[in-house]
Amino acid sequence: MIKRANKIKLMHPEWGRSYSDMVSNEFFKSSINIASLVFIIFLFAMAVFAPFIANDKPFVIKIDGVLKFPLFASLSGVDYSTLLAAIVGVVLFLLYRRNRKRVNPSIRGALWAKQVGIGIVVLIVGIACLIALVPSKLDATDYKSKLESKEASFAIFPIVPYGFERTSICEREQPPSKKHWFGTDDVGSDVLCRVIHGSRISLSVGFVAVGISGIIGVFIGAVMGYFGGKVDFVLMRFVEIMMAVPVFFLIITIVAFFPRSLLNIMIIIGITGWTGNARFIRAEFLKLRKQDYVQAARALGLPLHSILFKHMLPNGIAPVLVSATFGIAGAIFTEASLSFLGFGVAPPTPSWGQMLSQGVSATGHFLWWMSLFPGVAIFLTAVSYNLVGEGLRDAIDPRLRKAA
Amino acid sequence: MSEVLLKIKDLCVSFDTDDGVVNAVDGVSYELRKGQSVAVVGESGCGKSVTSLSIMRLIPSPPSKVLGGEILLNGENLLEFSEKKMHSIRGNDIAMIFQEPMTSLNPVYTVGDQIVEAVERHQLLKGEAAWAKAVDMLKLVGIADPDIRVNEYPHQLSGGMRQRVMIAMALSCDPKLLIADEPTTALDVTIQAQILELLRDIQKRNNMSILLITHDLGVVAENADYVVVMYASKIIERAPVEALFAAPAHPYTKGLLASLPVLGSDKERLETIEGSVPDPLNFPSGCKFHPRCSIGCKDKKCQTQEPPLIENGYARAVACWHARL
């Protein structure tokens, strides 16, 4: 492991270095952590820009001397919302870094709260407007044939010029070739295109499911740990009941009753997976509530929500953050398993697990390219999330690494 | 004499443990006047901290329970207040500083953030004004370069500075009563002297009362006006500080004072009180101090009957069959 020198230069050395500064400093010392994080960012970029990377509509096409932009016209409100969310996220991240370097800590907190607030408002209003305003129209024009038949004189296509919904009888089950880099599946869709679009499903399942389980787990764990006594006893028995339920079979049962939708899968993974988080937070809070600074916060007459979520949570969140990164990998696996078994997202919406299951075609042939590429995608995603989680754990508590 | 700020009457607090009920505080009464410093001394586990936490209503319940008594602040019984009303009392009327300055500040926020939160909660100051107040408070408690320190995290400060920050935080809302639970135990002697002097200064300036909980008799002699000595969850003696140090009445107090080293004396060994603190689950009968007392271990009355706390009218009281005031 290459150790990097402390590269974060402080513009104002007299400002204190916060805990998060130190953790991020420690995290970025390891090149494995950086590589994993870069890969995850790359995955996110791929998910956000999927329609621009793999699409059968050209960016620009000149038909009868008129320039048209079919790709942008065909994007739905959801696609634009994803883009908007990504932009807001990146802007907030840059603002956060700028704040840390240039803004005095005394006003930093208030400024950051204001910036995040504006960001969220922009996001909500933007998504509402985009979904309401952007018309969803079906554009079934085959632009490629237009180019071939010289109807159009000029066009720029994305790198992978196929849509994930494309079917082609004559190009079924083809191994990787120059035309289809990752081959085609049993209905003639381009596998590369479907792998790229499938990243959207996997990443959103991971994030939303872990988000739901994190929020429920933190809340219940905080209540258990802080109040203790009877509250703790009752809730802890509930947690134990939840843990005794075989989650995967519960999910399969529920999925069998409810319509097959991505949202349902995310919610089910989320509401069955919170028990671990609740126990982590409970353990931390049991330890923290005896801490002098929590007593001091109570002695200052601070309200309960401030004590729980402002003073205790940041000190006890580390194990949950670490387990969340593992949880994302776990949720991706669960979604892949469900889709593999045929309970997941319905085709033509692509998902990695579902593609994996199509590796053995209806005719009984084993199509190696159909299993290999989505499998590698799942593997790499899970590995990089796990590596980030491990790096985060070591950065948060360097003593753990020595013990391990 | 100034008026009474805090009056504790017959306070009884018990803890439910796996082995039985423990009376941590048993019929404790004392009062605190405006601008006065009262020291509560006693061995570990004698109930002095539980008393102070009861005043703040911060004892964990369950396992602990206030069985009876009154805690009157300006004549109002704190034990009858709603939790919501207590929130406005804590930090505003009564503030507290803790024993361990190393762990009493939240490591994830700058010291400024923490003072500002208290100020914004109890005073009508927001944003920049609250920050200005935080810097003022740090200046008041004698921290050099307060406008730089205000942006630092607790781990960047020394123990003494952290305790100053704690004091600044506690005093930021001008409390009428400051409970200092062993404020100097974790500090070295020079810093200890500075912190105590600081407390005395601020007390004079703000006419604030201090309830000082300690087991350091040197600190008591320097800082307190009045002393309450507790032993095995009861008050065994209370007296003005000069009177107590000049003529301790209870054998336990005598023993405590005798165990202090005297500068210049060529004693080989320090005096001790024989034995150790009784198990709170299994207090001895009669006077709880009798097994360790040179008179009590021979006297039948001491072994069977518990002596009441008898006042003599000069603000002194003692609970001993053999004490003469």
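Quick caveat: nothing in here was measured; it's all calculated off a predicted structure.

**Observations regarding the nonpolar core**
Ranked by internal contacts, the top residues of the largest apolar core, which has 168 residues, are Val38, Ala134 and Val227 of chain B. Here this core gets 16 residues from one element, more than from any other, and that element is helix α8 (residues 191-227) of chain A. Discounting chain neighbours no more than four positions away, the residues touching valine 38 of chain B are Tyr30, Leu32, Leu211, Leu212, Ala224, Asp225, Tyr226 and Val228 of chain B.

**Some remarks on the sheet that holds strand β1 (residues 60-63) of chain A**
All names here are of chain A. Read from one edge to the other, the open sheet built from three strands follows the order β2-β1-β3, with strand pairing classed as antiparallel. Of all the strands in the sheet, the pair left with one neighbour each is β2 (66-68) and β3 (152-156). The sheet shows a mean angle of 15° between the axes of neighbouring strands, direction not considered. Here four bridges tie β1 to β3, and the two strands are oriented antiparallel to one another. When the sheet's bridge partners are listed, isoleucine 63 is paired in β3 with alanine 152.

**Focus: the packing of helix α3 (residues 111-122) of chain B against helix α4 (residues 127-140) of chain B**
Residue and element names in this part refer to chain B. The N-to-C vectors of α3 and α4 enclose an angle of 115°; their axes lie 9 Å apart at closest approach. Crossing geometry of α3 relative to α4 is assigned as right-handed. Touching Gly112, Ile115, Val116, Val119 and Glu120 of α3 are Ala130, Trp131, Lys133, Ala134 and Met137, all from α4. Of the residues assigned to the contact of α3 with α4, the class counts are seven nonpolar, one polar and two charged.

**Remarks on unusual backbone geometry**
Residues and elements named next belong to chain B. With phi around 55°, arginine 57 is a residue other than glycine that occupies positive phi space. Along the polypeptide, arginine 57 turns up in the loop between α1 (48-56) and β4 (64-73). Positive phi is not limited to glycine here, since asparagine 207 has a value of about 50°. Mapped onto the elements of the fold, asparagine 207 is located in the loop between α7 (189-206) and β8 (209-214).

**Comments concerning the interface of chain A and chain B**
Taken together, the contact between chain A and chain B spans 25 residues of the former and 35 residues of the latter. Within the residue set of the side of chain A that touches chain B, elements represented by two or more residues are α6 (105-133), α13 (292-299) and α14 (304-316) of chain A. With six residues, the single largest contributor to the side of chain A that touches chain B is α13 of chain A.

**Here we look at the packing of α8 of chain A against helix α15 (residues 318-340) of chain A**
Residues and elements named next belong to chain A. For the pair α8 and α15, the least separation of the axes is 8 Å and the interaxial angle reads 135°. The angle between α8 and α15 falls in the class oblique. For the crossing formed where α8 meets α15, the hand is right-handed. Across the interface between the two elements, Ile201, Ser202, Val205, Gly206, Phe207, Ala209, Val210, Ser213, Gly214, Gly217 and Val218 of α8 pack against Val320, Ala324, Gly327, Ile328, Ala331, Ile332 and Glu335 of α15. A per-class count over the contact of α8 with α15 returns eleven nonpolar, six polar and one charged.

**Points about α3 of chain B**
Residues and elements named next belong to chain B. Counted at 1.5 Å a residue, the expected span for α3 with its twelve residues is 16 Å, and the 17 Å between its end C-alpha atoms agrees. Of all the twelve residues making up α3, eleven are buried; the element is thus mostly covered by neighbouring parts of the structure. Among all positions in α3, only Val111, Gly112, Asp113, Gln114, Ile115, Val116, Glu117, Ala118, Val119, Arg121 and His122 are buried.

The rules behind each value
- Residues numbered from 1 in each chain as written.
- Chains lettered and ligands numbered in written order.
- Predicted model: local features only at pLDDT ≥ 70, side-chain atom pairs only at ≥ 80, totals over all residues.
- Core = buried A, V, L, I, M, F, W, Y, C linked by C-beta atoms within 7 Å.
- Buried ≥ 20, exposed ≤ 12 C-beta atoms within 10 Å, placed from the backbone.
- Helix = DSSP H or I, 4+ residues; strand = E, 2+ residues; numbered from the N terminus.
- Contact = placed C-beta atoms within 7 Å.
- Pairing = 2+ DSSP bridges.
- Axes fitted to C-alpha atoms, helices over the stretch in contact; angles between N-to-C directions.
- Left-handed = near helix turned anticlockwise from the far one by under 90°.
- Nonpolar A, V, L, I, M, F, W, Y, C, P; charged D, E, K, R; others polar.
- Parallel < 35°, antiparallel > 145°, perpendicular 65-115°, else oblique.
- Expected span 1.5 Å × (residues − 1).

These values are about where atoms sit, not about what they do.
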